[in-house]
Amino acid sequence: MKPKQNILVAGQGPGWLCVEKPSGLSVHNQPGFDLVSRLKSCPDLEFSMIQPVHRLDKETSGLLLMATDPAVLSRLSDLFARKKIQKRYKTLVHGNFDLPDQAQGLWETPLSKQAGGRTNPGGKGKKVKAMTRYQVEAQTPHYALLDIELMTGRKHQIRRHAKLAGHPVIGDTRYGSARSIEFLKKKKQVYTMGLHAYFLEFYDHDQKITLEIEGITPDIARLLTEEGERG
């Protein structure tokens, strides 16, 4: 059984709040049980509104920016739409990269606007521009830790590009293999997906806001350490 995680506040400013979303928690699709519902019921947070400015997949953990004022919601949403907010992720993927030649690179396979699946990660219908920049930070015999920067914002973009590159994100039930997920749960006690939003940076009026948290979750850190010791 997946352990329950607390929701931590990573930063706060006039009209906005940034929280650390746990993996496995929907942002706003399960009224009464999702992230927004839990924040609204928190006695330490008293706002007339709490609304997400952007999205994170249910399985993705990390920084999520919330607006607590309608005008701020409009302003921050516009920054996201104009790609004026920098987002960075850490992700643990299957397989190794040929170093140093593949130490960094750009995944730019076009993707459909709709989500794909394990057998067709590119998705159905018209494909549009999609760019994901990666850098290899560490490798073990079976996994690689990547630092990811999103250059565009397609649905499940990192997960789909990783799958298309032959390096699916660990624990990804939509694009990864059922066999690998079962192995991680039973043999490694890893129940989460290895995708973590750890960095956000933007300008609120003339003030630069930088939000950063620990780059990898404890279970991923443990898996890396165990694999490293074996290697």
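Values in this document were obtained by computation on a predicted structure and should not be read as measured data.

> Kindly report on helix α4 (residues 178-188), identifying the contributing residues and their values.
Looking only at α4, the buried set comprises S180, I181, L184 and K188. Down the axis of α4, the smallest arc covering the buried residues is 105°, so these residues share one side. Exposed residues pointing more than 90 degrees away from the buried face of α4 are listed as A178, R179, K186 and K187. Trailing α4 by a residue or two, Q189 shows a phi angle of about 55°, which is positive.

> Outline the packing of aromatic side chains, supporting the account with residue identities and numerical values.
Per the stated rule, a full pass over the model turns up four aromatic pairs. Their ring planes at 75° and their centres at 6.0 Å tell us that W16 and F202 sit as a pair that is edge-to-face. Placement of W16 in strand β2 (residues 16-21) and of F202 in strand β11 (residues 195-204) is noted, with a sequence separation of 186 residues between them. Just as W16 is buried, F202 falls in that class too. Judged by centre distance (5.4 Å) and plane angle (40°), the rings of F97 and Y134 are tilted.

> Just give me the short version of helix α3 (residues 157-164), but keep the residues and values in it.
Think of an α-helix as turning once every 3.6 residues; residues three or four places apart then point the same way. The buried fraction of α3 amounts to six of the eight residues, a majority that puts the element mostly inside the structure. Restricting attention to buried positions, one finds in α3 the residues Q157, I158, R159, R160, H161 and A162. As for α3, its buried residues are in contact with β5 (86-94), β6 (104-107), β7 (111-112), β9 (132-139), β10 (143-150) and β11. One or two residues past the end of α3 sits G166, with phi positive at roughly 85°.

> Break down the environment of H94 for me, with residues and values.
Relative to the helices and strands, H94 resides in strand β5. For the pair H94 and V19, spaced 75 residues apart in sequence, the C-alpha to C-alpha distance is 28 Å. Setting aside its immediate chain neighbours within four residues, H94 contacts H142, Y143, G166, H167, P168, V169, I170 and S180.

> Talk me through the nonpolar core; I want residue IDs and the actual numbers.
Core analysis: the biggest nonpolar cluster contains 28 residues, and M66, Y89, F97 and L146 have the highest contact counts within it. Elements that contribute at least two residues to this core include exactly β2, α1 (35-40), β4 (61-67), β5, β9, β10, α3 and β11. Here the element with the most residues in this core is β10; it accounts for four residues. When sequence neighbours within four positions are dropped, the list of residues in contact with F97 reads Q102, W107, Y134, V136, Q139, A144, L146 and H167. Formed by 20 residues, the second largest nonpolar core is a distinct cluster that contains A67, L76, I85 and Y198.

> How would you explain the pairing of β11 if you had to name every residue and give the values?
When you tally the buried positions in β11, you get eight out of 10 residues, the bulk of the element. Of the pairings in the sheet, the one linking β4 to β11 comprises two bridges and is parallel in character. Along β11, the bridge assignment pairs G62 with A197. Taken together, the six bridges between β11 and strand β12 (residues 207-212) define a ladder with antiparallel strand orientation. Bridging from a neighbouring strand, L200 pairs with L211 of β12. Following β11, the chain reverses through two residues before pairing antiparallel with β12; H205 in that reversal takes a positive phi of roughly 60°.

> Report on unusual backbone geometry, specifying residues and quantitative values.
Where the residue is not glycine, phi is negative for most of them; where a peptide bond is considered, it is trans in most cases. L99 connects to P100 through a cis peptide bond whose omega is 5°. Even without being glycine, K83 reaches a positive phi, approximately 60°. Within the secondary structure, K83 sits in the loop between α2 (70-81) and β5. Of note, the phi angle at H205 is positive, near 60°, even though the residue is not glycine.

> Explain the side chain of S180 residue by residue, including any values.
Residue placement: S180 occurs in helix α4. Assessed through its relative accessible area of 18%, S180 is described here as buried. Within polar-contact distance, the side chain of S180 engages the backbone oxygen of S177 at 2.9 Å.

> Describe the pattern of salt bridges, naming the residues involved and giving the relevant values.
Overall, the coordinates contain 13 salt bridges when judged by the stated rule. For the salt bridge of R82 with D78, the shortest nitrogen-to-oxygen distance reads 2.8 Å. Here R82 falls in the partly exposed class, since its relative accessible area comes to 44%. Between R159 and D172 there is a salt bridge; the shortest N-O distance is 2.8 Å. On the criterion of sequence distance, the pair formed by R159 in helix α3 and D172 in the loop between α3 and α4 is long-range, its members being 13 residues apart. Given the relative accessible area of 2%, R159 is considered buried. A relative accessible area of 1% means that D172 is categorised as buried. When salt bridges that share partners are traced, they join R88, K90, E137, D147 and E149 into one network.

About the criteria used
- Counting from 1, residues in each chain are numbered in the order their sequence is written.
- Two thresholds apply to this predicted model, a pLDDT of at least 70 for residue-level local features and 80 or more for giving and counting side-chain atom pairs, whereas whole-chain, interface and lining totals are computed over all residues.
- Note that the side-chain values use all heavy atoms of the structure and ignore hydrogens as well as water.
- Only protein chains enter the area calculation, which uses a 1.4 Å probe; residues under 20% of their type maximum are buried, those over 50% are exposed, and those in between are partly exposed.
- Strands are runs of DSSP state E lasting at least two residues, helices are runs of H or I lasting at least four, and both sets are numbered from the N terminus onward.
- Relevant arc is that of directions from the helix axis to the C-beta atoms, nothing else.
- Stacked, tilted and edge-to-face are the three classes applied to pairs of Phe, Tyr and Trp rings, where Trp contributes its six-membered ring and a pair requires centres within 6.5 Å; stacked means planes under 30 degrees apart, edge-to-face means over 60, and tilted covers the rest.
- Working rule for contacts: check all heavy atoms of both residues, and any pair within 4.5 Å makes them a contact.
- Take the buried Ala, Val, Leu, Ile, Met, Phe, Trp, Tyr and Cys residues and link them wherever side-chain atoms come within 4.5 Å; each set so joined is a nonpolar core.
- Here a strand pair is declared whenever DSSP counts at least two bridges between the two strands.
- Two N or O atoms form a polar contact when they lie within 3.5 Å of each other; inside protein one atom must be a possible hydrogen donor and the other a possible acceptor, and for residues adjacent in sequence the pair counts only when both atoms belong to side chains.
- Salt bridges are identified by distance alone: a Lys or Arg side-chain nitrogen within 4 Å of an Asp or Glu carboxyl oxygen.

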